[in-house]
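Residue-level structure breakdown
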Amino acid sequence: AQSVSQHNHHVILSEAASLELGCNYSYGGTVNLFWYVQYPGQHLQLLLKYFSGDPLVKGIKGFEAEFIKSKFSFNLRKPSVQWSDTAEYFCAVSSFGNEKLTFGTGTRLTIIP
Amino acid sequence: NAGVMQNPRHLVRRRGQEARLRCSPMKGHSHVYWYRQLPEEGLKFMVYLQKENIIDESGMPKERFSAEFPKEGPSILRIQQVVRGDSAAYFCASSPDGMSNQPQHFGDGTRLSIL
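Report on the accompanying structure. (Residues numbered from 1 in each chain as written. Chains lettered and ligands numbered in written order. Predicted model: local features only at pLDDT ≥ 70, side-chain atom pairs only at ≥ 80, totals over all residues. Heavy atoms only, no water.)

1. Some details on the state of the cysteines
- Considering all chains together, one arrives at 2 disulfides over all chains under this definition.
- Paired by a disulfide, cysteine 23 of chain A and cysteine 91 of chain A hold their sulfur atoms 1.9 Å apart. Every disulfide takes its handedness from the sign of the S-S torsion; for cysteine 23 of chain A and cysteine 91 of chain A that torsion is -65°, giving left-handed. With cysteine 23 of chain A in the loop between β3 (19-21) and β4 (24-26) and cysteine 91 of chain A in strand β10 (residues 87-95), this pair connects stretches of sequence that are 68 residues apart. Both residues of the pair, cysteine 23 of chain A and cysteine 91 of chain A, count as buried.
- Here cysteine 23 of chain B engages in a disulfide with cysteine 92 of chain B; their sulfurs sit 1.8 Å apart. On the sign convention where negative is left-handed, the bridge of cysteine 23 of chain B and cysteine 92 of chain B, at about -60° about the S-S bond, is left-handed. (Disulfide = S-S within 2.5 Å. Helix = DSSP H or I, 4+ residues; strand = E, 2+ residues; numbered from the N terminus. Buried < 20%, exposed > 50% of the residue type's maximum accessible area, 1.4 Å probe, protein only.)

2. A few points about the interface of chain A and chain B
- On the side of chain B, 24 residues touch chain A, which itself brings 24 residues to the contact.
- Summing both partners gives a buried area of about 1700 Å² for chain A against chain B, and 54% of it is carried by carbon and sulfur.
- The interface formed by chain A and chain B includes 1 salt bridge.
- The partner of aspartate 56 of chain B in a salt bridge is lysine 100 of chain A, and the shortest N-O contact between them spans 4.0 Å.
- At the boundary of chain A and chain B, one finds 5 residue pairs in polar contact (both at pLDDT 80 or more). (Contact = heavy atoms within 4.5 Å. Buried area = accessible area lost by both parts, 1.4 Å probe. Salt bridge = Lys/Arg side-chain N within 4 Å of Asp/Glu carboxyl O. Polar contact = N/O pair within 3.5 Å; in protein donor to acceptor, adjacent residues only side chain to side chain.)

Written out as structure tokens, the structure is:
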């Protein structure tokens, strides 16, 4: 069975600060990795995804994530956050041939103007 | 709006009643997934359906819960004899072909409250 851990439950940052949200997964096989964002009152939206190839993935709104296979990690980063990044961020994983997503518990990000 | 449509957005039921949640996938998508989000928790997979077929229901509670995706019309998640513990946000997602490397597109969810 696969599982996903997000270490930070609530992160508070000032605008222009750099962001890194941790995500670790447990699964020994080939995985597909996703970061979703949920803005207040809205549905989950895909930020970025990794399937294969370059382990540094760039997504929308200036976000990027790096897949480090040896650490089973897929941390989300942004060099300079904005107030509009206030949202809940979910890391998710699926495995080859298994379409269902396994989500982490989410990280609530609050940006202070 | 060509996205995943869920209705109702909010549903209030008394204990013992039935709840029906609907999901229309994105245009061109034939694979539907249901997830449940309990307060302060992440989304948990419930069931994966294609038209007229349940592909994976490993996340569904054994009793009171059922799901269908008929040939015509939306996918329905049905909860019979609801209890307080069923209060949660229920999200539907869809994908075009069910490949594990295809991102799933989510609806706005249905917030179910049990009185």
